[in-house]
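# Examination of the molecular architecture
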Amino acid sequence: MNELRVDGDSLMKLLSELAAHGRSPSGGWTRPALSEADAAARRIVIARLAALGLEIRHDEVGNLRARRPGSDGAAAPVWTGSHLDSVPSGGYLDGPLGVAGAVCALEALARAKVKTRRAIEVVVFVGEEGSRFPRGTIGSAAVSGELSAVEVLALRDAEGVSFADALAAYRDPGAAIPARVAPGEVHAFVELHVEQGGVLEANGAQIGAVTAIAGLVQRAVTFTGDANHAGATPMHLRRDALLAAAEWALALERAAREVGGGAVATVGKLEVFPGGKNIIPGRVEAICDLRAPDAAHLDAVDARAVAALQHGAARRVAVSERRLQRVEPGAMDERVIAAVERAAAQVGLRSHRMVSGAIHDALHMAEVTASSMIFVPSVGGRSHCPEEETRPEHLTAGATVLAHLLLGLAG
Ligand SMILES: [Zn+2]
């Protein structure tokens, strides 16, 4: 076997070709699911996969699957991949790195003349970001069976366009394979992705071995007091909705710190009504986002968030809340995590075990097969913004670790 190493120039060229599509006038990249920019990026990937002689198929919800056969046709394949859609004015690496890295890892295997026992499939999941249709991780949720294909095709975007109609314009016509896979049908799944945080930089590690994907709870809370004159109302006669919301936000910060275990809590949305500079806030609409790597810590921080709403009573502010969504945390598979560490060590890189605070397609894949992720450092921890960047040597390192990992898993 020749040395197994991803060609960094080829990876950077593919990433820049993908980045030519969806440039946003307001900065960064806007590539909504099933848009023309998404389709153009996908055509580039298909051309590179076709050049490798892979069998290219799509499933009924638009996930792309390209298979490199193994010597044992009966053995379950190893999957790797990510997504090509983006958030509005996002970065060029979130998603595309996992796709381009998979393509370049397979090119490296071909150059090294490596044969594997198991087939390797590159998968491009559709609609991961949730920026066009009302939810994210659509493609992988269809693979795991959390969403049926019928439910996916009935989703509608803000303009009323159905997923089915958008898909018909997006992919080549023709028969599609089923999206859902049964447990055991896929041997393992690995996703290469930018970290989107600052943990690897802070630890001086080049590779993150992801042990779990944090789950989340989001709650919408309304604080209702009295709007009144900011000059004529004495402090003791006020019912200030914003002060109750502020106490609650600070209580959430304390709750996450005290619960520990990687729990985080954020009040990222706060609307103050009526919103006048000389009016005491009469009503506040707030949304909190709570995350933790396991259900026990998520439950604990969520219970504290609900209990902390009683601060409103002391201020005579009425409080109502409703849960917007809950996503269960997903544990990654110990054997695949250890395989990521081994692959990093083979390439001479330092790895660090870590939790993903962001949700990825690997969360759903973990429901049907042994899964983990390879993270590479994000410069300054920035992501979902035009400044999203990873040093070129880290991009190449991540894809090279993926190539070794695929070889290890596919045998
Ligand atoms: Zn992503």
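Our structure's up above, just so we're on the same page.
Residues numbered from 1 in each chain as written. Predicted model: local features only at pLDDT ≥ 70, side-chain atom pairs only at ≥ 80, totals over all residues. Heavy atoms only, no water.

### Focus: the packing of helix H1 (residues 8-18) against helix H3 (residues 96-111)
When two helices pack together, their arrangement is given by the angle between the helix axes and by the axis-to-axis distance. Just so we agree on the cut-off: Lines are fitted to the C-alpha atoms to define the axes, a helix being fitted only along its stretch in contact, and any angle between axes, read from their N-to-C directions, falls within 0 to 180 degrees. Each helix corresponds to a stretch of at least 4 residues labelled H or I by DSSP, and each strand to a stretch of at least 2 residues labelled E; elements are numbered beginning at the N terminus. In this scheme the crossing of two helices becomes right-handed for a clockwise turn of the near helix relative to the far one and left-handed for an anticlockwise turn of less than a right angle. Any two residues having at least one pair of non-hydrogen atoms within 4.5 Å are treated as being in contact.
Where H1 meets H3, the axes come as close as 10 Å, and the angle between the chain directions of the two elements is 140 degrees. The way H1 lies across H3 gives a crossing that is right-handed. Note on element contacts: H3 touches H1 through Pro96, Leu97, Ala100, Gly101, Val103, Cys104 and Glu107, opposite Ser10, Leu11, Leu14, Leu15 and Leu18.

### Describing unusual backbone geometry
The residue after phenylalanine 273, namely proline 274, is reached through a cis peptide bond having omega 0 degrees. Counting through the fold element by element, proline 274 comes out in the loop between strand E9 (264-273) and strand E10 (279-280). The residue lysine 113 is not glycine, and still its phi comes out positive at about 55 degrees. You can see lysine 113 is positioned in the loop between H3 and strand E4 (120-125).

### Details of helix H11 (residues 334-346)
Selection rule: The span you would expect from a helix comes to 1.5 Å times its residue count less one. Three exposure classes are used, based on accessible area relative to the maximum for each residue type with a 1.4 Å probe and protein chains only: buried under 20%, partly exposed in between, and exposed over 50%. Here the arc refers to the set of directions running from the helix axis out to each C-beta atom.
An ideal rise of 1.5 Å per residue puts 18 Å on 13 residues; H11 measures up with 18 Å between its terminal C-alpha atoms. Buried within H11 are the following residues: Val336, Ile337, Ala339, Val340, Ala343 and Ala344. Axial view of H11: buried residues confined to an arc of 160 degrees, hence all on one face. Exposed positions of H11 whose direction lies more than 90 degrees from the buried face are Arg335, Arg342, Ala345 and Gln346. In this structure, the buried residues of H11 make contact with strand E5 (188-194), strand E6 (207-213), strand E14 (351-356), strand E15 (370-376) and helix H13 (392-410). Downstream of H11 by one or two residues, glycine 348 has phi in the positive range, about 80 degrees.

### A look at the pattern of salt bridges
Stated precisely, the cut-off is as follows: Any Lys or Arg side-chain nitrogen found within 4 Å of a carboxyl oxygen on Asp or Glu counts as a salt bridge.
Counted by the stated rule, this structure contains 26 salt bridges. Residue glutamate 3 pairs with arginine 5 through a salt bridge whose shortest N-O separation is 3.2 Å. With relative accessibility at 62%, the residue glutamate 3 sits in the exposed group. Measuring nitrogen to oxygen at the nearest pair gives 2.9 Å for the salt bridge that ties arginine 132 to aspartate 157.

### A few points about the sheet that holds strand E12 (residues 318-327)
As a reminder of what qualifies: Think of it this way: DSSP has to see at least two bridges between two strands before they count as a pair.
As summarised here, the arrangement of the four strands in space is E9-E11-E7-E12, forming an open sheet in which the pairing is antiparallel. Where the open sheet ends on each side, the last strands, each with one partner, are E9 and E12. The sheet shows a mean angle of 15 degrees between the axes of neighbouring strands, taken without regard to direction. Where E9 and strand E11 (residues 283-292) come together, nine bridges link them in antiparallel fashion. Among the inter-strand pairings, valine 267 is bridged to a residue of E11, identified as cysteine 288. Relative to E11, helix H9 (residues 295-307) is tilted by about 160 degrees, and along the sheet it contacts strand E7 (215-224), E11 and E12.

### A few points about the environment of alanine 41
Tracing the sequence through the fold places alanine 41 in helix H2 (residues 36-51). For the pair alanine 41 and lysine 13, spaced 28 residues apart in the sequence, the C-alpha separation amounts to 13 Å. Setting aside anything within four residues of it in sequence, one finds alanine 41 in contact with Leu18, His21, Arg31 and Leu84.

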